[in-house]
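Descriptive structure summary
These are the residues of each chain, in order.
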Amino acid sequence: MNTALFTTSRLRTAGKIAAIAVILAAAYLFFCRNTQLVFECSSPGSFALTVTAPDGAVLGREVFIGGAESARLRFLLPRQADPAALRFELEGDASEIIFHRLDVIRDGFRVSRSKGAVTGNRLEPVPASEVTGIRPFLLLPAALLTLLLAYLFFPGRRNRRSYRRAFLCGTLIGCAAFFVSFGWKVLDPERTAWLLGGGDPTQHYLGWVAFRNSAWHFPPGLTDMLANPHNASIVYTDSIPLFALAFKLFRAYLPERFQYLGLFGLSCFLLQGGFAALLLRRFTNKTALWLAGTLFFVFVPALFFRMYFHTSLAAHWVLLAAFALWLYCAPSRKTLLLWCLLGSCTFLIHPYLGAMVSALFCGQLLQSLRDGGRAKPLAAAFGVYLGAVCLAFHSAGGFYTFGTGDGRFGSFGSNLNTFFNPLQPDNLLKTQPVLMGQYEGQAFLGAGMLLLVLLAIYLTGAGHRVRPPVSGGFLSASCAAAGLCLLFAVSTKVAWNDTILFTVPLPPPLPELCSVFRSSGRFIWVPMYLAMLLAAAAFFRYARPGSRAGILAFLLAIQGWGLLPMVRESFARFQAAPVEFPVNLPLERLIRNRADTVRRLVILQGSPQELTRLAAPALLQGLPVGDFYFARPDRRTEAERNKLLRDLADGRPLPGDAIYLFKSPKLAEHSGLPYLRLGERLYAGIPEPPSTPPAGAAQGVAE
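Residues numbered from 1 in each chain as written. Predicted model: local features only at pLDDT ≥ 70, side-chain atom pairs only at ≥ 80, totals over all residues. Heavy atoms only, no water.

1. So, the overall build of the chain
- Each helix and strand in the chain was counted, giving 21 helices and 17 strands.
- Out of the 703 residues belonging to the chain, those deemed buried represent 51%.
- Considering only contacts within the chain whose residues lie at least 6 apart along the sequence, 72% involve residues at least 24 apart.
- About 31,600 Å² of surface is accessible on the chain, with carbon and sulfur atoms providing 63% of the total. (Helix = DSSP H or I, 4+ residues; strand = E, 2+ residues; numbered from the N terminus. Buried < 20%, exposed > 50% of the residue type's maximum accessible area, 1.4 Å probe, protein only. Contact = heavy atoms within 4.5 Å. Areas by Shrake-Rupley, 256 points an atom, 1.4 Å probe, with all protein chains shown as cover.)

Printed below as a string of C-alpha cells:
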C-alpha cells in the first residue's frame, strides 16, 4: 500500500476539487452579488407593484394574484441600490393590500427584516430588529454539491467511475447552459406571474392549479375543475403529469402560488447534458473532446424553441437516454425493466416523446432479431413494455377522453429544409419560409453542427471506411427506426420552403388514425439526434488525433456565434418582469363576491385561447370551469355548450348555479339573466341580481 501523503492520484483529486471550488465561487460572485427585496403581502384582489429608482428608471415589476393567503414578490436589483431611496407604484386597489414584512437580501445574506405599509407610492417601514444570517435556500445547493463531490470521487471500478464522471460533468454543463440561457428567476416556485400572460404556458400552469385543487379521482390524473361536471385528464393540458402527480401528494405543504415548470426546465438541461456526455464518452476517452461535444447537444435550437412554450416537449433528454440504454445495455430482463421505466416516465411527461422512445425500443428489438434472437421472447418483451407504458398512461387519465384525432394529419409536418432552416434569430444562416404549422417540425442543427455532419460524411467516404463508427447492428436498426420517424414527420405534404412538391394520399382509415399524433413534425427529433450522434462518433474515430481538438473548438465557436442571438433573446425574455396585467379584474371581483352562491364558471362564447384567459380568475380562486383549452377537444364540453345555447334559443332558463360569460350583448339580453358588462365584448350573466355590483365592473376591459 502506498502511504505517501502526496500521491499523484490524490493531487489530481485535490486539483479537481479546487477547480470546482473556484467555479462555484465565480458562480456565487456572478449570481449572488446583488440586492433583493422580498415583500410578503396579501390581498383579496390582484395588483401590480413596480419598483423605480429615484431617477425614474424601472428596476422591476411583479404581479400579485389575489387570494386568501399571503405570497412573496421578489425584486432583483443592482447591488448598489438603496432600498430607502426607491419608489413603489401600485396598480390596483391599494386599500385592500396588506404588507406583512420586507426582507432585504444582499449578496445572498438577509441583512434586514422589517414590517411595512405602502402609503401613496412610498414604502413606510416600521423599525424592527436586524436579522443577519445565511438564507435557507443556499443550504440546499451546498448539500447537493457535497453529495455530488462525494459521489464523483467515491472509489469504484475505474471504468464505471469514468462513465459516471462523464455523466456528472455533463449535468454541470447542462446546468450552466440553463442559467446562461434562461436565468434564475424562473426557478422561484412562488413566482407565477410570468406564466399568466396567455398562451400555452398559461394552459400548463392553470392545468396544474386545477389538478392540485381538485379531489383525488381514479385514475389519479383526473380533475373535475376543468370540464365540470365532467372529469378531464391532466395529460391534455400538457402540465407534465409526472411532476403534477408527485407534487400533488405534498400539496398541503406547498405555498398557495406554486409552479414547478422552472424546476422541470432545469432538470431537462441537467439530464440533457448528462446523457449527451455519457453517449459521447462511449466513442472517445479524451475528456476535452466529449466535453466540447456535449455543448452541441445542450445548445439545440429545437430544445430552446420548446422550453417554456411547449414545456413538456423540452424533455429531449429521454431520447438521449433511450440511445444510451440501447448502446450500453445488451438485451436482458434488467434492460427490459429499464426500458419499461424510461417509457413509463416518458409517457407521464408527454405522449409524443413516449412514442419516440417506443420507436427506439422497437429498434433495439429489431437489432436483436437481426443478430439471431428468437422472435417469441422478443414479442413477449414488446408485450411487457406495451403493458407498462399503457398502465402509466392510464394512471394519468390519458385514455379517459382519448380520441383518434381530428383528421388534420399533415398540417403540422416537417419541411425538407428543417435541418438548416433556423426559424429563430441566427447570425449565420437566414430563415427560410415554411408552410403554416411546420414550425412543429423544427430540427435546425446550427451552423457548427451542420459543418460537423458534412465533415463526418467526408471523413467516412474519403477513406472508404469499411468499419463504421458504431456496430453494424445498431447502425442499421437505428437508421431504420429514425427513417420511419422521418417519413412520419414529413407526413403527407412533402414541401420545400413554402412550396408543396407533392402530396401522398392515404387510405381512409389511416389519416384519422395518424391524427392521434397530428403534430407529426415533432418526430423529426429522432433522426436529428441520431445524425448528431453518428457525426460525433465518426469524427472522433476518423479525424486525425492531433487536429481533433482544434477542429472541434473551431466548429463550436461557429455554433456559438450563430446561436448567440437566440440565447440572448431567451435570457432577456425570461429575466424581464411581466409586462402585461394578466387577469380581468372585474371578472375576478365578480367571482370573489359570488363564490358562495355559484358552483362553476361557464364560458359560452370564446376561442380556445380566450378560454384560457377567461378561466384564469376562476381557477386561481378555486372555482371550477365548464370548459378549458385542451390539447384535444373534449366532445362532452362541446356538446354541453351547444345544449345550453339551444336552451337559450328555445327560451328555456339556464341552471342557476353558475356564472355565464357571453361575448354578444344580444345573447346576454336574450338569456333572461341579470348581466354585467365586464369589458369590451364581455358580459357576465348571473342567476340573480347582485346586491351591490362589483367595484369597477362597468369600467373593466377584458383581456
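2. Topic: the environment of L587
- Turning to its location among the elements, L587 is positioned in helix 18 (residues 585–593).
- Judged by its relative accessible area of 0%, L587 falls in the buried class.
- Residues L587 and A684, spaced 97 residues apart in sequence, show a C-alpha to C-alpha distance of 8.1 Å.
- With residues up to four places along the chain from it excluded, the contact list for L587 reads L614, P617, L661 and L678.

3. Examining the pattern of salt bridges
- According to the stated counting rule, one finds twelve salt bridges in the structure shown.
- Here E440 ties to R306 by a salt bridge, and the two come within 2.7 Å at their closest N and O atoms. Residue E440 is found in the loop between helix 12 (375–395) and helix 13 (447–462), and its partner R306 is found in helix 8 (residues 301–306); the two are separated by 134 residues along the sequence.
- The exposure class of E440 is buried, given its relative accessible area of 3%.
- Take R306: its relative accessible area is 1%, and that puts it in the buried class.
- Between D650 and R652 there is a salt bridge whose closest N-O contact spans 3.2 Å.
- Residue classification places R652 among the partly exposed residues on the basis of a relative accessible area of 43%. (Salt bridge = Lys/Arg side-chain N within 4 Å of Asp/Glu carboxyl O.)

4. Some thoughts on the nonpolar core
- Judged by nonpolar contacts, the single largest core of 156 residues is most densely connected at W208, W339, W525, Y529 and L661.
- A total of 15 residues in this core trace back to one element, the largest contributor, which is helix 16 (residues 525–542).
- Once residues lying within four places of it in the same chain are set aside, the contact partners of L661 are L587, L601, V602, I603, L604, Q605, L614, L678, L682, Y683 and A684.
- Core analysis: the next-biggest nonpolar cluster, separate from the first, contains 15 residues, F39, F88, L102 and V104 among them. (Core = buried A, V, L, I, M, F, W, Y, C linked by side-chain atoms within 4.5 Å.)

5. Things to note about the environment of S519
- Note on placement: S519 falls in the loop between helix 15 (509–514) and helix 16.
- Take S519: its relative accessible area is 6%, and that puts it in the buried class.
- When the C-alpha atoms of S519 and A489 are compared, they prove to be 8.2 Å apart, with 30 residues separating the residues in sequence.
- What S519 contacts, discounting residues up to four positions off in sequence, is Y352, F412 and E440.

6. As for unusual backbone geometry
- In the segment running from F218 into P219, the intervening peptide bond is cis, with an omega of 0°.
- Mapping P219 onto the fold places it in the loop between helix 4 (200–213) and strand 10 (222–227).
- Cis rather than trans, the peptide bond between N228 and P229 has omega equal to 15°.
- In this fold, P229 is placed in the loop between strand 10 and strand 11 (230–233).
- Of note in this structure, L423 is not a glycine but carries a positive phi near 60°.

7. Here we look at the pairing of strand 2 (residues 47–52)
- Across the six residues of strand 2, six count as buried, placing the element largely inside the fold.
- Residues F47, L49 and V51 line one face of strand 2 and the alternating positions A48, T50 and T52 line the opposite face, and both faces are buried.
- Across six bridges, the pairing between strand 2 and strand 3 (residues 58–64) is antiparallel. Bridge pairing in strand 3 links A48 to V63.
- Counted between consecutive antiparallel strands, the loop separating strand 2 from strand 3 contains five residues, among which G56 sits at a positive phi close to 95°.
- Both strand 2 and strand 5 (residues 87–91) contribute to a ladder of five bridges, which runs antiparallel. Of the residues in strand 5, the one forming a bridge with T50 is E89. (Pairing = 2+ DSSP bridges.)

8. What to know about a nonpolar patch on the surface
- Together, L416, F420, W496, L501, F502, V504, L506, L510 and L513 give the surface a local cluster of nonpolar side chains, amounting to about 780 Å² of exposed area.
- Secondary structure elements with two or more residues in the nonpolar patch: strand 13 (499–503) and helix 15.
- Within the secondary structure layout, W496 lies in strand 12 (residues 493–496). (Patch = residues over 30% accessible without salt bridge, like charges linked within 9 Å, V, L, I, M, F, W, Y side chains within 5 Å.)

9. As for the sheet that holds strand 2
- The antiparallel open sheet is built from three strands, whose spatial order is 3-2-5. A single partner strand is all that each edge strand has here, and the edge strands are strand 3 and strand 5. Recorded for the sheet is a direction-independent mean angle of 20° between the axes of neighbouring strands. (Axes fitted to C-alpha atoms, helices over the stretch in contact; angles between N-to-C directions.)

10. Comments concerning the pairing of strand 15 (residues 658–662)
- Counting buried residues along strand 15, five of its five residues qualify, which places the element largely inside the surrounding structure.
- With burial as the criterion, each face of strand 15 is covered, one bearing A658, Y660 and F662 and the other bearing I659 and L661.
- Of the pairings in the sheet, the one linking strand 14 (residues 600–603) to strand 15 comprises four bridges and is parallel in character. Residue pairing for strand 15: V602 is matched across the bridge by Y660.
- Sheet topology places strand 15 next to strand 17 (residues 682–685); three bridges connect them, and they run antiparallel. Directly across from Y660, in strand 17, lies its bridge partner G685.

11. With respect to helix 4
- Its 14 residues give helix 4 an end-to-end C-alpha distance of 20 Å, which sits within 8% of 20 Å, the value for a rise of 1.5 Å per residue.
- Helix 4 sits mainly inside the fold: 13 of its 14 residues count as buried. (Expected span 1.5 Å × (residues − 1).)

12. Re the environment of L279
- Take L279: it is sitting in helix 6 (residues 261–281).
- Here L279 falls in the buried class, since its relative accessible area comes to 2%.
- For the pair L279 and F167, spaced 112 residues apart in sequence, the C-alpha separation works out to 8.9 Å.
- Discounting chain neighbours no more than four positions away, the residues touching L279 are L320, F323, A324, L327 and L533.

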